[in-house]
Amino acid sequence: MARAFNFNAGPAAIPLEVLQQAAEQFVDYQGAGMSIMEMSHRSALYEGVNNEAQSLLRELFGVPDNYQVLFLQGGASTQFAMLPMNLLKPGRPAAYVKTGAWADKAIKEAKLIGDTVVAASTEADSYMRMPEVAEIIVPSNASYLHLTSNETIGGTQFHEFPDTGDIPLVADMSSDILSRPIDVSKFGVIYAGAQKNLGPSGVTVVIIRDDLVQESPKTIPAMFRYDTHAKSSSLYNTPPSFSVYMVSLVLKWIQAKGGVAQMEQYNRDKTKLIYDAIDLSGGFYRGCAQPQSRSLMNITFRLGSEELEKLFVKQSEAEGFVGLKGHRDVGGLRASTYNAVPLESCEALAQFMADFQKRNG
Ligand SMILES: *Cc1c(COP(=O)(O)O)cnc(C)c1O
């Protein structure tokens, strides 16, 4: 069996061990005579999957007891709207850190619901860095402060988070959740679509502090309220059961690898190979993100010309690499190195980069 060197940005690589385990259980889940997709979400077996996914996420990510872990649908994009629907208060603006394409989309949705302010922006630097904590100015009456912990397209990542005191800190962690240990107690809400670092598409994780769950205005319809899903343990309506099951397998895989701190070390080892290939190329490859904001999940870089970049993509594809073309909005090249991307793929890419430079440098 030939597995591609998969550097897709999302949906992205899933650990081979997880895929194989899912394949073994695909037709008959634990002797039920049916797949997980065919059984009632009210069955004891599925309840077990749902509970296990929740408790593993709590354990691995260090989620305190006064937080809910929810499995919702609609992707992170739905959270761009659901968050302000529930937590943006009249007369109290929602503050946003503007760091790229995803932060921008979150702001646009919040603007439809209420007042927003930009607490910091790195647009003047073409979003090639994250702001320093001291640059982020939050109005004292803000409903919350929202930031994007990792900008998937630009390839930048926060390495330090602001202390917002009583103002809830909200993070879109779609592309770096569980890539490194985080002090969850600093956040009011963390959300992430699963398809980058947690498994397949179809489920969105929301981690939300108990007091914030209760704050939704009465006028919000049931499906868009956090308290609806919290009260029913994410089983208010039919959940994306297969996706939640896959997430539970990925979480078990992270646990078997030693947990999130081990994952971070692994990700550092992986990305060092590629950042070194860029930095030691004498300018043949140029990293896009400013060094202090470089991402451990999405490595963005360029070559001397667009023709050379096209050739890079073409030749890399011929050698089994997938997903190295940059996002269509920014061009260039991007290697997404999520938790499930093996070290061997990164070693192969570093080697390909060196060979490509020899041929074209
Ligand atoms: C991919 C991504 C999204 C969008 O996620 P969907 O699940 O497709 O809605 C939002 N934010 C970030 C940071 C992302 O990487």
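Residues numbered from 1 in each chain as written. Predicted model: local features only at pLDDT ≥ 70, side-chain atom pairs only at ≥ 80, totals over all residues. Heavy atoms only, no water.

Caption draft 1: How the structure looks around the sheet that holds strand 14 (residues 333–336). Spatially, 11-12-14 is the arrangement adopted by the three strands of the open sheet, whose pairing is antiparallel. Because the sheet does not close on itself, it has two edges, and the strands there are strand 11 (286–287) and strand 14. Sheet topology places strand 12 (residues 298–302) next to strand 14; four bridges connect them, and they run antiparallel. Within strand 14, the position partnered with Phe-301 by the bridge is Leu-333. Contacting strand 11 and strand 12, helix 8 (residues 260–279) runs over the sheet at an angle of about 15 degrees to strand 12. (Pairing = 2+ DSSP bridges. Helix = DSSP H or I, 4+ residues; strand = E, 2+ residues; numbered from the N terminus. Contact = heavy atoms within 4.5 Å. Axes fitted to C-alpha atoms, helices over the stretch in contact; angles between N-to-C directions.)

Caption draft 2: Structural view of the sheet that holds strand 10 (residues 204–209). Spatially, the seven strands line up as an open sheet ordered 2-10-9-8-5-3-4, and their pairing is mixed. Two strands bound the open sheet, and with one partner strand each, they are strand 2 (67–72) and strand 4 (116–121). Taking each pair of neighbouring strands and ignoring which way they run, the sheet shows an average axis angle of 20 degrees. Examined bridge by bridge, strand 2 and strand 10 share six bridges and lie antiparallel to one another. Residue pairing in the sheet places Val-69 in a bridge with Ile-207 of strand 10.

Caption draft 3: Here's a closer look at empty space enclosed by the protein. Per the counting criterion, the structure on display carries two cavities of 30 Å³ or more. In this structure, the largest cavity occupies an estimated 50 Å³ of space. For the largest cavity, the full set of lining residues is Ala-13, Pro-15, Lys-196, Asn-197, Leu-198, Gly-199, Val-250, Trp-253, Ile-254, Asn-339 and Ala-340. Counted by class, the lining of the largest cavity contains seven nonpolar, three polar and one charged residues. If you go around the second largest cavity, the residues you meet are Ala-22, Gln-25, Phe-26, Ser-35, Ile-36, Phe-242 and Tyr-245. Here the residues of the lining of the second largest cavity are counted per class, giving five nonpolar, two polar and no charged. (1 Å grid on protein atoms, 1.4 Å probe; cavity = no way out; pocket = protein on both sides within 12 Å on 5 of 7 lines; lining within 4 Å. Points joined across faces, edges and corners; volume = space filled by probe spheres on them. Nonpolar A, V, L, I, M, F, W, Y, C, P; charged D, E, K, R; others polar.)

Caption draft 4: Structural detail: the site of the ligand. In the region of the ligand, 13 residues are neighbours, and Ser-77, Thr-152, Asp-172, Gln-195 and Lys-196 sit closest. Contact between the ligand and Lys-196: an oxygen atom at 2.7 Å from a side-chain N or O atom of the residue. In terms of residues, the shell around the ligand owes the most to one element, helix 3 (residues 75–87), which gives four residues. Class assignment of the residues belonging to the shell around the ligand gives a composition of three nonpolar, eight polar and two charged. (Near = heavy atom within 4 Å. Polar contact = N/O pair within 3.5 Å; in protein donor to acceptor, adjacent residues only side chain to side chain.)

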